[in-house]
Amino acid sequence: MHDKQDESLMALIEEFLTARATRKPSPHTLAAYRRDLHTVAALVAEATPLPLDALLITDLSPRVMRAAFARFAAPRAPASVHRAWSTWNSFFTFLVADGLVAGNPMPAVGRPRALLPQPKPLRGADTPEVLLASAARDDGRQRDPWPERDVAVLAVALCAGLRLSELLALRVGSLGGRPGERRVEVVGKGGRPRVVPIEADLDRVLMDYLASRARRFGSRSVRPDSALLVDRRGEPLRRGGLQYLVESCYRRAGIGDRVPRGARLHALRHTFATRLAEDGASAAEIMRLLGHASLASSQTYIEVTAGQQRDAVRANRTNRALAGLLPTDLG
């Protein structure tokens, strides 16, 4: 084992973040790691006579970590505490693997039970169809309408269930296979690859979009290594631009009240998964198509769908009529 006495906590945090960066997490994920590590480390420093940059890794005993996490948890939601606990657990696991510490103190630190986030699909049975039909119309109010591109963005999200980061990472060459057997190759969370089948109608939408793009910017704009989704100048779409595009499509379709709060673009992915569950897909199939690391995440779509089906049956007025046909005392 390395000599631990001279190991600065902040230096080891930077070493850990550098190691994590090789896994290609999103910038937001990496920023969350840094924020959780620095915030809890600052709470440790406040409880000691040492400044933050003088803390050593040996100062982080189970007792110290329990106290720091108790203060961290007080003003925060359980999900935030659980995420920070997981970050610190990964940090100490990294240190143990590198022989920098003898053990991981985090199992001795309490954490709230992690609740799986509930799906937030678009509300309304016909909402995806209304949204796509609106995007396909050439809206004269737009300065530079490009309905082929707008429909392609919405269709890939609704019919392939991709995350925002996965949409932005797509290349033209990500589309492969022969007509009728088309697929899109996706790089998911943690760099995990997956393949999502592309049905004929979505294939035609994408080919129509690429043809319109070649007309706008020339055939060189649709080379295999080019970004699949671009803005009106032909530049690769970025996070903010993609979010704004989807928001504007919601506004034009007049469905803002059907989009769940906190899941604006992600609602399209959730709609894809919910419709899979409604049509009988298994949790294992949903897991593979969405690129989930855990079957439990995929199971929530089936459980929510089953609950919605029961609510719909319960609302049937005929059920209430049955009550009047039964004797009040069957005993």
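Up top is the structure these notes are about.
Since the model is a prediction, treat every value here as computed from it, not as a measurement.

Here is what the cut-offs are and how they apply
Residues numbered from 1 in each chain as written. Predicted model: local features only at pLDDT ≥ 70, side-chain atom pairs only at ≥ 80, totals over all residues. Heavy atoms only, no water. Helix = DSSP H or I, 4+ residues; strand = E, 2+ residues; numbered from the N terminus. Buried < 20%, exposed > 50% of the residue type's maximum accessible area, 1.4 Å probe, protein only. Contact = heavy atoms within 4.5 Å. Areas by Shrake-Rupley, 256 points an atom, 1.4 Å probe, with all protein chains shown as cover. Core = buried A, V, L, I, M, F, W, Y, C linked by side-chain atoms within 4.5 Å. Phe/Tyr/Trp six-rings, centres within 6.5 Å; stacked < 30°, edge-to-face > 60°. Pairing = 2+ DSSP bridges. Salt bridge = Lys/Arg side-chain N within 4 Å of Asp/Glu carboxyl O.

What follows covers the overall build of the protein chain. Helix and strand content of the protein chain: 13 helices and three strands. Residue burial in the protein chain is summarised as follows: out of 331 residues, 39% are buried. Considering only intrachain contacts with a sequence separation of at least 6, the fraction spanning at least 24 residues in the protein chain is 63%. About 18500 Å² of surface is accessible on the protein chain, with carbon and sulfur atoms providing 54% of the total.

If you look at the biggest cluster of nonpolar residues, it comprises 42 residues, and the most contacted ones within it are Leu131, Leu167, Tyr250 and Leu268. When contributions to this core are tallied by element, the ones reaching two or more residues are α5 (127–136), α6 (147–160), α7 (164–169), β2 (183–187), α8 (200–217), α9 (239–253) and α10 (266–278). The dominant element in this core, judged by the number of residues it contributes, is α6, at nine residues. Discounting residues that sit within four places of it in the chain, Leu131 has contacts with Leu122, Leu154, Cys249, Tyr250, Ala253, Ile255 and Leu268.

On to the packing of aromatic side chains, then. If you walk through the whole model with that rule in mind, you get nine aromatic pairs. Between Trp88 and Phe92 the ring centres are 5.9 Å apart and the planes differ by 40 degrees, which places this aromatic pair in the tilted class. One end of the pair, Trp88, and the other, Phe92, are both in helix α4 (residues 78–97), four residues apart, so they sit about a helical turn from each other. With respect to class, Trp88 is no different from Phe92; both count as buried.

Right, let's get into the sheet that holds β2. Across the sheet, which stays open at both edges, the three strands sit in the order β1-β2-β3 with antiparallel pairing between neighbours. Two strands in the sheet have a free side with no partner beyond their single neighbour: β1 (175–176) and β3 (193–197). Here β1 runs beside β2; their pairing, made up of two bridges, is antiparallel. Bridging across to β2, Gly176 finds its partner in Arg183.

All right, on to the pattern of salt bridges then. Evaluated as defined, the whole model comprises 16 salt bridges. The closest approach of N and O atoms between Arg258 and Asp126, which form a salt bridge, is 3.2 Å. Taken together, the residues Arg258 in the loop between α9 and α10 and Asp126 in the loop between α4 and α5 connect sequence positions 132 residues apart. A salt bridge links Glu166 to Arg163; the nearest nitrogen and oxygen atoms lie 2.5 Å apart. Looking at Glu166, the relative accessible area reads 2%, which means it is buried. In this structure, a network of salt bridges that share partners links the residues Arg149, Asp150 and Arg252.

The next point concerns the pairing of β2. Side-chain alternation along β2 places Val184 and Val186 on a buried face and Arg183, Glu185 and Val187 on a face that remains uncovered. Bridge count between β2 and β3: five bridges; the pairing is antiparallel. Directly across from Arg183, in β3, lies its bridge partner Pro197. Between β2 and β3, which pair antiparallel one after the other, the connecting turn spans five residues, and Gly190 there sits at a positive phi close to 65 degrees.

Our next topic: the environment of Tyr250. Note that Tyr250 resides in helix α9. Since its relative accessible area comes to 1%, Tyr250 is described here as buried. As a C-alpha pair, Tyr250 and Leu132 span 118 residues in sequence and 9.8 Å in three-dimensional space. Once you skip the residues sitting within four places of it in the chain, Tyr250 turns out to touch Leu122, Leu131, Ile255, Gly256, Val259, Arg264, Leu265, Ala267 and Leu268.

Bringing the environment of Ser248 into the picture now. Structurally, Ser248 can be placed in helix α9. Sequence separation between Ser248 and Asp150 is 98 residues; the distance between their C-alpha atoms is 9.8 Å.

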